[in-house]
Amino acid sequence: MKRAWLIFIIFCAVKLCGQELATSFRAVDIFIDSGNQALAAYQLTFRGTNGSVKIVGIEGGEHSAFAEPPYYDPEAMQKDRVIIAAFNTASADQLPSGRTRIATIHIQMQSGQAPAYIAQVSAAAGTDGKRISVKVNLVERTAR
Amino acid sequence: MNDDQNRNEQIPDTLTEKLREVASKTTILVPASVDGAVLAQAKAHFVQISRERSKILRISWLAAAACVALLAIFGIRHLEHGRYERADIDHSGHVDILDAFALARRIQQGSQQGVDVNGDGAVNKADVDAIAAQAVKLKRGV
């Protein structure tokens, strides 16, 4: 009887540990739509909203003007919030306009939890440095 | 009546002289126990004075150290605030990537109006990076 209890306890512990370690990694693409204006600079805050998101990596965007990883605080790694920002002083014809992927954030999530995150743009500017209005949206990358 | 009484109460000069002579010749013997007691009390008194002085000195040093620490804290805060104000290139009231962008544009245009944010004596990409780093810095507890 005692042995059965011991086996049961070990089984439960292993199960619990397994659940805790079960995590998945995802990539979230961040798009900014600047309409017909060239995007020269942006700053936004990405934040997980359900407590299960951990930021594990940040990479640059698709356009050559923003291909380098943006500025961010290294303290944001393993946390659920990061401020990213980038700029490019090139002329308008070398900058993206319309909808463009400006960065990708890699996150770690607990398995079984629905991903929940938001992004808020705090600043965006055109080539002259003046603020412009942009839209941001997040798209979770699917396996290719 | 009173004058007569006062005259009678005065010690005669001859007697005073004699008494002085005797006093100068006589050595007053103080017992060793009394001498020791007086010495002990005197020592205790001076020890207490010295303790009080060292206590005051210690308090003064502590107060001075506290003042130095406060000055250092306020100095650093003032310095950081000064740096933050300098980093606000576009005077928007807060530091964001647009400040770094503005400085980068000035540097690209060869303007001498740049701000030496990091205090290294030169206005260059390091200052732009310093502003950008400040813009994306996460505040604790937020």
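Asker: Just give me the short version of the overall build of chain B, but keep the residues and values in it.
Answerer: Per the secondary structure count, chain B includes 5 helices and 0 strands. Taken over 142 residues, chain B has a buried fraction of 15%. Within chain B, contacts between residues at least 6 apart in sequence are counted, and of these 40% link residues at least 24 apart.

Asker: Can you tell me about unusual backbone geometry, naming the residues and giving the values?
Answerer: Phi angles above zero are rare outside glycine, and Gln78(A) is one such case at about 70°. Mapped onto the secondary structure, Gln78(A) falls in the loop between β3 (53-60) and β4 (81-87).

Asker: Report on the confidence of the model for chain A, specifying residues and quantitative values.
Answerer: Predicted confidence across chain A gives a mean pLDDT of 88, with 86% of residues reaching 70 or more. In the model of chain A, helix α1 (residues 2-21) of chain A stands out as the element of lowest mean pLDDT, 62, in contrast to β4(A), which has the highest, 97.

Asker: Describe the interface of chain B and chain A, listing the residues and the values that go with them.
Answerer: On the chain A side, the residues contacting the 15 residues of chain B number 19 residues. Secondary-structure elements contributing two or more residues to the side of chain B that touches chain A are α4 (97-108) and α5 (125-136) of chain B. Ranked by residue count, the leading element in the side of chain B that touches chain A is α4(B), at 8 residues.

Asker: Describe the pairing of strand β2 (residues 41-48) of chain A, listing the residues and the values that go with them.
Answerer: Residue and element names in this part refer to chain A. Burial analysis of β2 places 6 of its 8 residues in the buried class, the great majority of the element. As paired strands, β2 and β4 are joined by 7 bridges and run antiparallel to one another. Counterpart to Leu44 in the pairing with β4 is Ile84. Across 8 bridges, the pairing between β2 and strand β6 (residues 117-125) is antiparallel. Residue pairing in the sheet places Gly48 in a bridge with Tyr117 of β6.

Asker: Can you break down α4(B) residue by residue, with the values?
Answerer: All names here are of chain B. For α4, with 12 residues, the first-to-last C-alpha span of 16 Å sits near the 16 Å given by 1.5 Å per residue. Among all positions in α4, only Ile97, Leu98, Asp99, Ala100, Phe101, Ala102, Leu103 and Ala104 are buried. Of the residues trailing α4, Gly110 is marked for its positive phi of about 75°.

Asker: Give me the sheet that holds β6(A): which residues, what numbers.
Answerer: Sheet architecture is open: 3 strands sit in the order β4-β2-β6 (chain A), paired in antiparallel fashion. Two strands close off the open sheet at either side, each with one partner strand: β4 and β6 of chain A. This sheet shows a mean twist of 15° between the axes of neighbouring strands, independent of strand direction. Its contacts with the sheet place α5(B) against β2 and β4 of chain A, and it is angled at close to 150° to β4(A).

Conventions and cut-offs
- Sequence order as written defines the numbering, with residues in each chain counted from 1.
- Labels follow written order: the first chain is A, the first ligand is 1, and so on.
- Per-residue local features of the predicted model are confined to residues with pLDDT of at least 70, and side-chain atom pairs are confined, for both listing and counting, to 80 or more; whole-chain, interface and lining totals are unaffected and use all residues.
- Runs of E in the DSSP output that reach at least two residues are strands. Runs of H or I that reach at least four are helices, and both are numbered from the N terminus.
- To sort residues by burial, count the other C-beta atoms lying within 10 Å of each one's C-beta; a count of 20 or more means buried, 12 or fewer means exposed, and anything in between means partly exposed. C-beta atoms are built from the backbone.
- What counts as a contact here is a pair of residues whose C-beta atoms, placed from the backbone, lie within 7 Å.
- Scored between 0 and 100, pLDDT is the confidence that the predictor attaches to each residue.
- For two strands to count as paired, DSSP must find a minimum of two bridges between them.
- A helix is expected to reach a length of 1.5 Å times the quantity of its residues less one.
- With axes taken as lines fitted to C-alpha atoms, and helix axes fitted only over the stretch in contact, angles between N-to-C directions fall between 0 and 180 degrees.

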